[in-house]
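In case you want the letters, here they are:
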Amino acid sequence: MSAEDQIDDSSAPLIEHLAELRTRLIRSVLAFVVGMVAMFTVAEPILEFISQPLAEVLRARGEDARLIFTAPQEKFFVLIRISIIMGFAVSFPVIAHQLWRFVAPGLYKSEKGAILPFLIASPVLFMMGAAFAHYVVTPLAMNFFIGFSDAIPALANLIAGDGTFQNPAGPEEGIQTVFLGSVRESLDLTLKFIFAFGLCFQLPVLLTLMGKAGLVTAQGLGNVRKWAVVGILTLAALVTPPDVVTQLILFTVVYGLYEVSIVLVRLVERSRIRRLREEGILDEDEEL
């Protein structure tokens, strides 16, 4: 057999892998396009659902629960954005399945059993984080930001001592601020909270995978708790409004996830030690 024939034979598996990758990508893109088109038909109800926390805050303040758009095309592109995000969400099982079908043949049985639970847990935790942001954080944030417009008049009334909420500059001289929520700006803020908390809830998955890879240990995570507290507090200050209550809620949740991650990494280490002892690599009284 000539050298050219050997090269051709060795390149055949690569071509087969590329062809399979192309097939998986085409199926994933088709699933995404179908999901996006389907979600566009219900984008309006989804927008109403996402805007519900803001609407409840406005109703509680005695104001009209309405949003405005400042450009003719603004609402259309908002609905397009919603359809893209939700289209990816509904097509994610198909995309994840295609990815798994491409990667799984190159994995050992033990590796398949180790990775598959994380593929299931990751979207579940993201949905939990998104729900937490929608039902808990977003109402608090909206109430803080919109209520901040009352801070200056309230402070002026407190100094004057008259107990009324009048414009401190006078009815003819001053300018009163009124919240007219933009569809695009309100959606952007809400989605930032959803994605921020959805990603924060991935902490157990990330640290457990790193534990399986031997990059972190339960003891090491426990030793850096004080630095984790500082990091979580910094994160809470960055992704939440300057409201102590909201920041404490985020800190409590994320730190709880950090402690859960330590427990999961410890379980991973015990499972690895048990397996190595069964294989005879470690003695009964020997640790990693």
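Residues numbered from 1 in each chain as written. Predicted model: local features only at pLDDT ≥ 70, side-chain atom pairs only at ≥ 80, totals over all residues. Heavy atoms only, no water.

Per an unreviewed UniProt entry, the protein chain is named Sec-independent protein translocase protein TatC, and its organism is Roseicyclus marinus. The UniProt entry for the protein chain carries the following text under Sequence similarities (unreviewed entry): "Belongs to the TatC family." Under the Function (unreviewed entry) heading, UniProt states for the protein chain: "Part of the twin-arginine translocation (Tat) system that transports large folded proteins containing a characteristic twin-arginine motif in their signal peptide across membranes. Together with TatB, TatC is part of a receptor directly interacting with Tat signal peptides." (UniProt positions renumbered as here; feature names shortened; annotations may be inferred.)

## Let's talk about the environment of S182
Tracing the backbone through its elements, the reader meets S182 in strand β2 (residues 181-182). Taking the C-alpha atoms as reference points, S182 and E74, 108 residues apart in sequence, are found 9.3 Å from one another. Not counting residues within four places of it along the chain, the set of residues in contact with S182 comprises L67, I68 and E74. For S182, the side chain forms a polar contact with the side chain of E74, separated by 2.8 Å. (Helix = DSSP H or I, 4+ residues; strand = E, 2+ residues; numbered from the N terminus. Contact = heavy atoms within 4.5 Å. Polar contact = N/O pair within 3.5 Å; in protein donor to acceptor, adjacent residues only side chain to side chain.)

## Examining the nonpolar core
Counting 39 residues, the largest nonpolar core has L47, I82, L187, F197, L221 and Y258 as its most contacted members. When contributions to this core are tallied by element, the ones reaching two or more residues are α2 (43-50), α4 (74-103), α5 (109-147), α7 (183-200), α8 (203-212), α9 (218-223), α10 (225-239) and α11 (244-278). The residues contacting I82, other than those within four sequence positions of it, are A43, I46, L47, G87 and L187. Counting five residues, the second-largest nonpolar core is a separate cluster that includes L54, V57, L58 and I146. (Core = buried A, V, L, I, M, F, W, Y, C linked by side-chain atoms within 4.5 Å. Buried < 20%, exposed > 50% of the residue type's maximum accessible area, 1.4 Å probe, protein only.)

## Some remarks on empty space enclosed by the protein
To find the voids left in a structure, one rolls a probe of water-molecule size over its atoms. Under the criterion given, the structure shown has one cavity of 30 Å³ or more. Of the pockets and cavities examined, the largest cavity occupies roughly 30 Å³. Around the largest cavity, the lining residues are I50, R81, I82, I85, M86 and L191. Among the elements that make up the lining of the largest cavity, the one with the highest residue count is α4 (four residues). A breakdown of the residues in the lining of the largest cavity according to their chemical character gives five nonpolar, no polar and one charged. (1 Å grid on protein atoms, 1.4 Å probe; cavity = no way out; pocket = protein on both sides within 12 Å on 5 of 7 lines; lining within 4 Å. Points joined across faces, edges and corners; volume = space filled by probe spheres on them. Nonpolar A, V, L, I, M, F, W, Y, C, P; charged D, E, K, R; others polar.)

## Focus on the layout of surface pockets
If you add up the space inside the largest pocket, you get close to 760 Å³. What lines the largest pocket is a set of 23 residues, and nearest its centre among them are A89, F126, M127, A130 and I194. Where the lining of the largest pocket is concerned, the elements lending two or more residues are α2, α4, α5 and α7. Classifying every residue of the lining of the largest pocket by side-chain character gives 20 nonpolar, three polar and no charged.

## As for α2
Three or more residues of α2 are buried, namely A43, I46, L47 and I50. Within α2, the buried residues cover an arc of 100 degrees as seen down the axis, which keeps them to one side. (Arc of directions from axis to C-beta.)

## Some thoughts on the confidence of the model for the protein chain
Chain-level statistics for the protein chain give a pLDDT mean of 78 and a share of 76% at 70 or above. No element of the protein chain has a lower mean pLDDT than helix α6 (residues 151-160), at 49, and none a higher one than α2, at 90. Of the regions scoring below 50 in pLDDT, residues 1-11 engages in two contacts with residues more than four places distant in sequence or in other chains. Contacts from residues 158-165, a stretch scored under 50 in pLDDT, to residues over four places away or in other chains number five contacts. (pLDDT = per-residue confidence, 0-100.)

## Overview of the packing of aromatic side chains
Here the structure, examined in full by the defined rule, presents nine aromatic pairs. Through a chain of ring-to-ring contacts, three or more aromatic side chains come together here, namely F40, F76 and F77. (Phe/Tyr/Trp six-rings, centres within 6.5 Å; stacked < 30°, edge-to-face > 60°.)

## Observations regarding the side chain of R24
Its location among the elements puts R24 in helix α1 (residues 3-40). If sequence neighbours within four positions are ignored, R24 has contacts with Q98, R101 and F102.

## Points about the UniProt feature "transmembrane region" (unreviewed entry) in the protein chain
When the UniProt feature table is mapped onto this chain numbering, "transmembrane region" (unreviewed entry) sits at residues 25-43, 76-95, 115-137, 193-215, 227-242 and 248-268. End-to-end, the C-alpha atoms of residues 25-43 are 26 Å apart, and along that stretch the chain is 89% helix and 0% strand. For residues 248-268, the helix share is 100%, the strand share is 0%, and the end-to-end C-alpha distance is 30 Å.

## Describing a nonpolar patch on the surface
A surface patch of nonpolar side chains, about 490 Å² in accessible area, is lined by I115, L116, L119, I120, V124 and M128. In this fold, L116 is placed in helix α5. Exposure remark for L116: the relative accessible area of 37% places this residue in the partly exposed category. (Patch = residues over 30% accessible without salt bridge, like charges linked within 9 Å, V, L, I, M, F, W, Y side chains within 5 Å. Areas by Shrake-Rupley, 256 points an atom, 1.4 Å probe, with all protein chains shown as cover. Salt bridge = Lys/Arg side-chain N within 4 Å of Asp/Glu carboxyl O.)

## A few points about the pattern of salt bridges
All told, the structure shown has six salt bridges when counted by the stated rule. Ionic pairing is found between R24 and E20, a salt bridge with its closest N-O pair at 3.6 Å. One end of the pair is R24 and the other is E20, both in helix α1 and four residues apart, which spans about a single turn. Where E259 meets R225, a salt bridge forms, and the shortest distance between an N and an O atom there is 2.7 Å. Taken as a pair, E259 in helix α11 and R225 in helix α10 lie far apart in primary sequence, 34 residues in all. A relative accessible area of 22% means that E259 is categorised as partly exposed. Within the structure, one salt-bridge network assembled from shared partners comprises R81, R184, E185 and D188.

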